[in-house]
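Results of the structural survey
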Amino acid sequence: LTGIPGYEEFHHWISIPFCLLYLVGIMGNCTILHIVRTDPRLHEPMYYFLAMLSLTDMGMSLPTMISLFRVLWSISREIQFNTCVVQMFFIHTFSFTESSVLLAMALDRYVAICHPLRYATILTPTLITKIGIAALLRSALPVIPNVARLAFFPFCHSHILSHSYCLHQDIIRLACADTKFNVIYGMVMITLLWGMDSLGIFVSYVFILHSVLKISSQEGRFKALNTCASHICAVLILYVPMIGLSIVHRFAKHSSPLIHIFMAHIYLLVPPVLNPIIYSVRTKQIRQGILHLLFPLKLSSSLM
């Protein structure tokens, strides 16, 4: 595994901001999960989907944490092939799952704004559970063929990966075999999964805007759109680095390795860190839950 090329003597110092980012991401997502689980007022579809987003955020970042700090703290740069493949599987599975969860959240906003009277009857707990399971299976199963083929590839040249963790695009560069299937299948999989999700999100917002424009009062239109602001930010936070990393790996192979490393870290660290912050700032119920968690006695006495 590779740390930050050219800055090896500063790896211990570089690990400090990474440690802080991981800490903020883990604490933020765990806080949201705890609040949604313990506060009966948040037992609604919107917050169940937010809990799913927090789980996928942690699933995306945690598999990279151990190997990253092993490299930055000079413990070991080596990783076993099987461990590398498992790590790669979880990273790609949860990145696709996060995209699916964002689609589910877009549908949630569509039902809430366009069919508010039927909101509770459409998005039942049973349906939400099925959506969560379907999102995970839909993301995990397509990754298996590419992962399984890696076991049959010989790696007879360099064994040096360009990141502190394992990505499929990085591993197949080192294979001494015909990797056309993996490359083509990977591009088709990304196009279909991300394409379907982004198209679904786009269509949902077309219907949402159509419904919002029918609201007579400007205040009502603003209030309806304001409920979507956090979700739009979450979509941009995931898709912009994700698309950027894919473009860099496929069309900027000979660019500086620092660009590849920088984009990969943004892709895996920014969503888990920023999503809890955005939802905590933008969502009143989550904000109140955090305040109640931090100052339970003060809030209880003020309510009395």
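Because the structure is a prediction, the values reported are computed rather than measured. (Residues numbered from 1 in each chain as written. Predicted model: local features only at pLDDT ≥ 70, side-chain atom pairs only at ≥ 80, totals over all residues. Heavy atoms only, no water.)

1. Observations concerning the nonpolar core
Here is a general trend for soluble globular proteins: nonpolar side chains tend to be buried in one another's company. Grouped together as the largest cluster of nonpolar side chains are 67 residues, with contacts concentrated most on Leu53, Leu102, Ile201 and Ile286. Broken down by secondary-structure element, the contributors of at least two residues to this core are α1 (11-38), α2 (45-72), α3 (81-114), α6 (143-150), α8 (180-212), α10 (229-251), α11 (257-282) and α12 (284-294). Sort the elements by how many residues they give to this core and α3 lands first, with 14 residues. If sequence neighbours within four positions are ignored, leucine 102 has contacts with Leu53, Ile201, His231, Ala234, Val235, Leu238 and Tyr239. Counting nine residues, the second largest nonpolar core, distinct from the first, contains Ile4, Ile14, Tyr22 and Phe69. (Core = buried A, V, L, I, M, F, W, Y, C linked by side-chain atoms within 4.5 Å. Buried < 20%, exposed > 50% of the residue type's maximum accessible area, 1.4 Å probe, protein only. Helix = DSSP H or I, 4+ residues; strand = E, 2+ residues; numbered from the N terminus. Contact = heavy atoms within 4.5 Å.)

2. Some words on helix α5 (residues 125-140)
With 16 residues, α5 should reach 22 Å at 1.5 Å per residue; the first-to-last C-alpha distance of 23 Å fits that figure. When we look at burial in α5, the residues that qualify are Ile128, Gly132, Ala135, Ser139 and Ala140. The buried residues of α5 occupy an angular sector of 120° when projected down its axis, which confines them to one face. Opposite the packed face of α5, turned more than 90 degrees from it, sit the exposed residues Thr126, Lys130 and Ile133. Residues of α5 that are buried sit in contact with α2, α3 and α6. (Expected span 1.5 Å × (residues − 1). Arc of directions from axis to C-beta.)

3. Details of the packing of α1 against α2
Two elements in contact, α1 and α2, have axes whose closest approach is 9 Å; the angle formed by their N-to-C orientations is 155°. Overall, the two elements α1 and α2 adopt an arrangement that is roughly antiparallel. Regarding α1 and α2, the two cross each other, and that crossing is left-handed. Of the residues in the contact of α1 with α2, the class split is 20 nonpolar, seven polar and one charged. (Axes fitted to C-alpha atoms, helices over the stretch in contact; angles between N-to-C directions. Parallel < 35°, antiparallel > 145°, perpendicular 65-115°, else oblique. Left-handed = near helix turned anticlockwise from the far one by under 90°. Nonpolar A, V, L, I, M, F, W, Y, C, P; charged D, E, K, R; others polar.)

4. Here we look at the UniProt feature "transmembrane region" (unreviewed entry) in the protein chain
Here the UniProt-annotated "transmembrane region" (unreviewed entry) positions come out as residues 12-36, 48-73, 85-107, 119-137, 183-208, 229-252 and 258-278. Taken end to end, residues 85-107 has its terminal C-alpha atoms 33 Å apart, with 100% of it in helix and 0% in strand. (UniProt positions renumbered as here; feature names shortened; annotations may be inferred.)

5. Considerations on the packing of aromatic side chains
The geometry of an aromatic ring pair is captured by the separation of the ring centres together with the interplanar angle, meaning the angle of the planes. Scanning all chains against the criterion turns up eight aromatic pairs. Seen in terms of ring centroids, phenylalanine 81 and phenylalanine 155 are 5.8 Å apart; in terms of plane orientation they differ by 50°. Their pairing is tilted. On the criterion of sequence distance, the pair formed by phenylalanine 81 in helix α3 and phenylalanine 155 in the loop between α6 and α7 (168-171) is long-range, its members being 74 residues apart. The partly exposed category is assigned to phenylalanine 155, whose relative accessible area is 21%. (Phe/Tyr/Trp six-rings, centres within 6.5 Å; stacked < 30°, edge-to-face > 60°.)

6. Digging into the confidence of the model for the protein chain
Detailed reading of predicted coordinates is not advised where the pLDDT is low. Residue-level pLDDT values for the protein chain average 86, and 95% of them are 70 or greater. Put simply, helix α13 (residues 296-303) is where the protein chain has its lowest mean pLDDT, 54, and α5 is where it has its highest, 93. (pLDDT = per-residue confidence, 0-100.)

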